[in-house]
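# Tertiary structure, described
Next come the chains, spelled out residue by residue.
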Amino acid sequence: NQVSMPEQGPRMNGFSLGELCWLFCCPPCPSRIAAKLAFLPPEPTYSVQTDEASGTCSLHLNERADWQYSQRELDAVEVFYTRTSRGNRVGCMFVRCAPNSRYTLLFSHGNAVDLGQMCSFYIGLGSRINCNIFSYDYSGYGVSSGKPSEKNLYADIDAAWQALRTKYGVTPENIILYGQSIGTVPTVDLAARYECAAVILHSPLMSGLRVAFPDTRKTYCFDAFPSIDKVSKVASPVLVIHGTEDEVIDFSHGLAIYERCPRAVEPLWVEGAGHNDIELYAQYLERLKQFISFELPNS
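In this text, all values refer to a predicted model and were calculated from it rather than measured experimentally.

## Quick notes on the packing of helix α5 (residues 150-167) against helix α6 (residues 184-191)
- Where α5 contacts α6, the two axes come as close as 9 Å, and the packing angle between them is 65°. Two packed elements cross with a definite hand, and for α5 against α6 that hand is right-handed. Residues Leu153, Tyr154, Ile157, Asp158 and Trp161 of α5 pack against Val185, Pro186, Thr187, Asp189 and Leu190 of α6.
- Grouping the constituent residues of the contact of α5 with α6 by class yields seven nonpolar, one polar and two charged.

## Some thoughts on the pattern of salt bridges
- Throughout the structure, instances matching the rule amount to six salt bridges.
- Among the ionic pairs, Asp189 bridges to Arg193, the shortest N-O distance being 2.9 Å.
- The class of Asp189 is buried, set by a relative accessible area of 10%.
- The class for Arg193 is partly exposed, based on a relative accessible area of 40%.
- With a closest N to O distance of 2.8 Å, Arg287 and Glu295 form a salt bridge.
- Looking at Arg287, the relative accessible area reads 9%, which means it is buried.
- Take Glu295: its relative accessible area is 36%, and that puts it in the partly exposed class.

## Considering α5
- Taking 1.5 Å of rise per residue, 18 residues should cover 26 Å, and α5 covers 26 Å from first to last C-alpha, within 8% of that figure.
- Of the residues making up α5, those classed as buried are Glu150, Asn152, Leu153, Tyr154, Ala155, Asp156, Ile157, Ala159, Ala160, Trp161, Ala163 and Leu164.
- Backbone geometry just downstream of α5 places Gly169 in the positive-phi region, at approximately 70°.

## Things to note about the nonpolar core
- Leu106, Phe134, Leu177 and Phe225 are the most contacted members of the largest nonpolar core, which has 44 residues in total.
- When contributions to this core are tallied by element, the ones reaching two or more residues are β6 (89-95), β8 (132-136), α5, β9 (175-180), α6, β10 (198-202), β11 (238-243) and α9 (251-260).
- For this core, the element with the highest residue contribution is α5, accounting for seven residues.
- Membership of the second largest hydrophobic core comes to 40 residues, among which are Leu115, Cys131, Ala197 and Leu296.

Calculation criteria
- Residues numbered from 1 in each chain as written.
- Predicted model: local features only at pLDDT ≥ 70, side-chain atom pairs only at ≥ 80, totals over all residues.
- Heavy atoms only, no water.
- Axes fitted to C-alpha atoms, helices over the stretch in contact; angles between N-to-C directions.
- Helix = DSSP H or I, 4+ residues; strand = E, 2+ residues; numbered from the N terminus.
- Left-handed = near helix turned anticlockwise from the far one by under 90°.
- Contact = heavy atoms within 4.5 Å.
- Nonpolar A, V, L, I, M, F, W, Y, C, P; charged D, E, K, R; others polar.
- Salt bridge = Lys/Arg side-chain N within 4 Å of Asp/Glu carboxyl O.
- Buried < 20%, exposed > 50% of the residue type's maximum accessible area, 1.4 Å probe, protein only.
- Expected span 1.5 Å × (residues − 1).
- Core = buried A, V, L, I, M, F, W, Y, C linked by side-chain atoms within 4.5 Å.

In short, the description is geometric, and any link to function would need to be established separately.
Given below as structure tokens:
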């Protein structure tokens, strides 16, 4: 998530002249800025093989997936493709961690990972917080076709939402939307349009420009990922999680997002945590368990 920044100079509307030149060389359209700031799809760590006779799909991980469980757990991970409104074929994954649980997390993962790298984490997380986990790869990530872009992010999560509802029959009141880092962008967009059981925003960003240029005070027409302007429309309960020493998305982003949520619950500010290590702190699982098992209805 490192961005090559221009040298500082006289400032205009929060930007230096060098920064303005850097932006307008894009040219300044959201898709170009989004690509410059955000998307780092890794080399795929998995493949999906389809049985021609039955039409069923099976997951095959390579060594970079860092699988931590046995073949039995791997066989229980369901994978399939769905199609987005923008024509891309998106890989989806359903991890049955807790068959008797009321809730399923629709998990939008962070940058520079794919489902192959995330599936071990999903099994560990879901079994500990007693939730099934449904996830998907963004266009251009993993086995998903197309290229990553802001518009594709929104179409990708829409397709995942519809697949979770139709293929598995999970109703909105039993879906918890979970977004991590760049995954908070489609999560907020969907949550602003559909009510669900709850929303969890893990290291969220206000907008693309506000990450690259912390002095930005308003949303420009060419900004990407303007979650700060959408989150006030989220009608579901929202839990915000952020590390106080986040070196990629400053802690101020999580704080601002939290303050804009109409139904924010007590947030989790992890003292000393950075962008990629919040899950290693004990209070992370404790807060998730408290939120899902006691603060949400479970009957």
